[in-house]
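Listed below, chain by chain, are the residues.
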Amino acid sequence: MIEQVLTIGAYGFNELTFIAALKSARVDLFVDIRARRGMRGSAYAFANASRLQVLLESAAIRYTHAKELAPTEQVRDAQRAADTAAGVAKRDRTRLGSAFVSAYERDCLATFQPDEFFRKYVGDAKRPVLFCVEREAEACHRSIVAPRLAAAMAVPVLNLKPGPTQSPALLPRNT
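This write-up is about the structure you can find in this document.

What counts and what doesn't
- Residues numbered from 1 in each chain as written.
- Predicted model: local features only at pLDDT ≥ 70, side-chain atom pairs only at ≥ 80, totals over all residues.
- Heavy atoms only, no water.
- Phe/Tyr/Trp six-rings, centres within 6.5 Å; stacked < 30°, edge-to-face > 60°.
- Helix = DSSP H or I, 4+ residues; strand = E, 2+ residues; numbered from the N terminus.
- Buried < 20%, exposed > 50% of the residue type's maximum accessible area, 1.4 Å probe, protein only.
- Core = buried A, V, L, I, M, F, W, Y, C linked by side-chain atoms within 4.5 Å.
- Pairing = 2+ DSSP bridges.
- Right-handed = clockwise from strand over helix to strand, strands pointing away.
- Axes fitted to C-alpha atoms, helices over the stretch in contact; angles between N-to-C directions.
- Parallel < 35°, antiparallel > 145°, perpendicular 65-115°, else oblique.
- Contact = heavy atoms within 4.5 Å.
- Nonpolar A, V, L, I, M, F, W, Y, C, P; charged D, E, K, R; others polar.

**What to know about the packing of aromatic side chains**
Centre-to-centre distance and the angle between the planes together describe a pair of aromatic rings. For the coordinates displayed, the defined rule picks out 12 aromatic pairs. Between Phe18 and Phe46, the aromatic rings sit 5.2 Å apart at their centres with planes inclined by 55°, giving tilted as the arrangement. Of the two residues, Phe18 sits in helix α1 (residues 15-24) while Phe46 sits in the loop between β2 (29-32) and α2 (49-58), which places them 28 residues apart along the sequence. Taken individually, Phe18 and Phe46 each receive the classification buried, so the pair is uniform in this respect. Note on Tyr44 and Phe46: the rings are 6.2 Å apart at their centroids and 50° apart in plane angle, and the pair reads as tilted. Classification of Phe46 as buried rests on a relative accessible area of 3%. An aromatic cluster is present here, built from Tyr11, Phe13, Phe18, Phe30, Tyr44, Phe46, Tyr63 and Phe131 joined pairwise through their rings.

**With respect to the nonpolar core**
With 29 residues, the main nonpolar core has Leu69, Tyr104, Phe117 and Leu130 as its most contacted residues. Looking at which element gives the most residues to this core, the answer is helix α6 (residues 142-153), with six residues.

**Structural notes on the pairing of strand β3 (residues 62-65)**
One ladder, built from four bridges, connects β2 with β3; its direction is parallel. Bridge pairing in β3 places Phe30 opposite Tyr63. The parallel pair β2 and β3, bridged by α2, forms a crossover whose chirality is right-handed.

**Describing the packing of helix α5 (residues 114-122) against α6**
Relative orientation and spacing of two packed helices are given, respectively, by the angle between their axes and the distance between those axes. Where α5 contacts α6, the two axes come as close as 9 Å, and the packing angle between them is 90°. Taken as axis vectors, α5 and α6 run roughly perpendicular relative to one another. Judged by residue contacts, Pro114, Phe117 and Phe118 of α5 engage Arg148, Leu149, Ala152 and Met153 from α6. Looking at the contact of α5 with α6 residue by residue, the classes come out as six nonpolar, no polar and one charged.

Right under this line is the structure:
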């Protein structure tokens, strides 16, 4: 039985702090919800799919890829347009634009069934984490998916964030 739905991004972490946050939160399933599972730059090479899977295996955390939860190119275009209009870089974004949210819900979640997702991906995991790249959950599509999954299981959401003084156990819960 699921205890909690967690989310995490790559930005702001390094390889060691990323794994430490997952271990501290007792994550037992890592659900990659990116369309493209690579990241630019050496600082985030640990989050490239093949390297990430090796890293997670060494931490005894199971990995799966749920590509159907990744936003389509057209949905990402809606956010790019909003970021450009606001003069905000992707890494600095703190919230999703309303056009992205509407397009994601329409194009990606119209037929989404949490029960099917749990059956297909989660199985007996107790503490799955949804992963994409953005530091802030509210700046990422995981902030739309996680509450739906949590509501279906009547459990809280915990967004893991980097930071020297933040412990995953002390982060606020979003439900």
